[in-house]
Amino acid sequence: MRVRVPPGPLVQRNKRLSLVRHIAFSFYFALPVCLLVEDCNENGIPDTCELKDPDNDQNNNGELDDCECVGDADGDEYVNVNDLLIVIGFWGNDIPQGDLNQDGIVDVSDLLIVVANWGPCE
Ligand SMILES: [Ca+2]
Ligand SMILES: [Ca+2]
Ligand SMILES: [Ca+2]
Ligand SMILES: [Ca+2]
């Protein structure tokens, strides 16, 4: 003869545990995981998090544009007419020095990066 045993406290506890695990699991994947390994612009937001927004890395080099001199093609810490001339000089080529957004071609997007970042680097 089989007796049906109603779910005891242990079963209920297990059910609750799996629910907690399920919620924790969902949160883990729903929330952006940002590791505070570097905060080069010291704004309290991990750079790994800020880099998820492509606007923060116009030149696609995996470094926050805030922390580098974007548009400085010749590396003199100024974005000026010399950098503009480098971009124009390499126009239509894939020369990395002029390809500021690293998309494989020196074109108007690179020119706009120079113009947008015009001036001395901080
Ligand atoms: Ca930051
Ligand atoms: Ca960058
Ligand atoms: Ca320059
Ligand atoms: Ca380009």
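The shown structure was predicted, so the numbers you read here are calculated from the model rather than taken from an experiment.

Trainee: Please clarify how the environment of Glu77 should be interpreted in this entry.
Mentor: Looking at the secondary structure, you find Glu77 in the loop between helix 2 (47-50) and strand 1 (78-79). Taking the number of C-beta atoms within 10 Å as the measure of exposure, Glu77 has 10 and is therefore exposed. Distance in space between the C-alpha atoms of Glu77 and Gly119 is 8.9 Å, their sequence separation being 42 residues. Setting aside residues no more than four positions away along its own chain, Glu77 makes contact with Cys69, Asp72, Pro120 and Cys121.

Trainee: Help me understand helix 3 (residues 81-89) in this model?
Mentor: For the α-helix, the turn length of 3.6 residues means that residues three or four positions removed from each other point alike. All of the buried residues along helix 3 are Asp83, Ile86 and Val87. With its buried residues spanning 95° around the axis, helix 3 presents them on a single face. In this structure, the buried side of helix 3 is in contact with strand 1 and helix 4 (108-116).

Trainee: Just to check I follow, could you spell out the packing of helix 3 against helix 4 for this structure?
Mentor: Any two packed helices are characterised by how steeply their axes cross, that is the angle between the axes, and by the distance between the axes. Direction vectors running N to C along helix 3 and helix 4 enclose 180°, while the axes themselves pass 10 Å from each other. Here helix 3 is positioned roughly antiparallel relative to helix 4, judged by the angle of their axes. Facing helix 3, whose interface residues are Asp83, Leu84 and Val87, helix 4 presents Asp110, Leu111 and Val114. Each residue belonging to the contact of helix 3 with helix 4 can be placed in one class, and the counts come to four nonpolar, no polar and two charged.

Trainee: Can you help me understand helix 4 in this one?
Mentor: Buried residues of helix 4: Asp110, Ile113 and Val114, and no others. Taken end-on, helix 4 shows its buried residues confined to a sector of 100°, consistent with a single buried face. Of the exposed residues in helix 4, the ones pointing more than 90 degrees away from its buried face are Val108 and Ala116. Elements in contact with the buried residues of helix 4: strand 1 and helix 3.

Trainee: What exactly am I supposed to notice about the nonpolar core here?
Mentor: Here is a general trend for soluble globular proteins: nonpolar side chains tend to be buried in one another's company. Of all hydrophobic cores here, the largest spans nine residues; its members are Val70, Ala73, Val79, Ile86, Val87, Leu100, Val106, Ile113 and Val114. Counting residues per element, the ones that place at least two in this core are helix 3 and helix 4. Those residues in contact with Val87 that lie beyond four places of it in its chain are Ala73, Gly98, Val106, Asp110, Leu111 and Val114.

Definitions and cut-offs
- Residues numbered from 1 in each chain as written.
- Chains lettered and ligands numbered in written order.
- Predicted model: local features only at pLDDT ≥ 70, side-chain atom pairs only at ≥ 80, totals over all residues.
- Helix = DSSP H or I, 4+ residues; strand = E, 2+ residues; numbered from the N terminus.
- Buried ≥ 20, exposed ≤ 12 C-beta atoms within 10 Å, placed from the backbone.
- Contact = placed C-beta atoms within 7 Å.
- Arc of directions from axis to C-beta.
- Axes fitted to C-alpha atoms, helices over the stretch in contact; angles between N-to-C directions.
- Parallel < 35°, antiparallel > 145°, perpendicular 65-115°, else oblique.
- Nonpolar A, V, L, I, M, F, W, Y, C, P; charged D, E, K, R; others polar.
- Core = buried A, V, L, I, M, F, W, Y, C linked by C-beta atoms within 7 Å.

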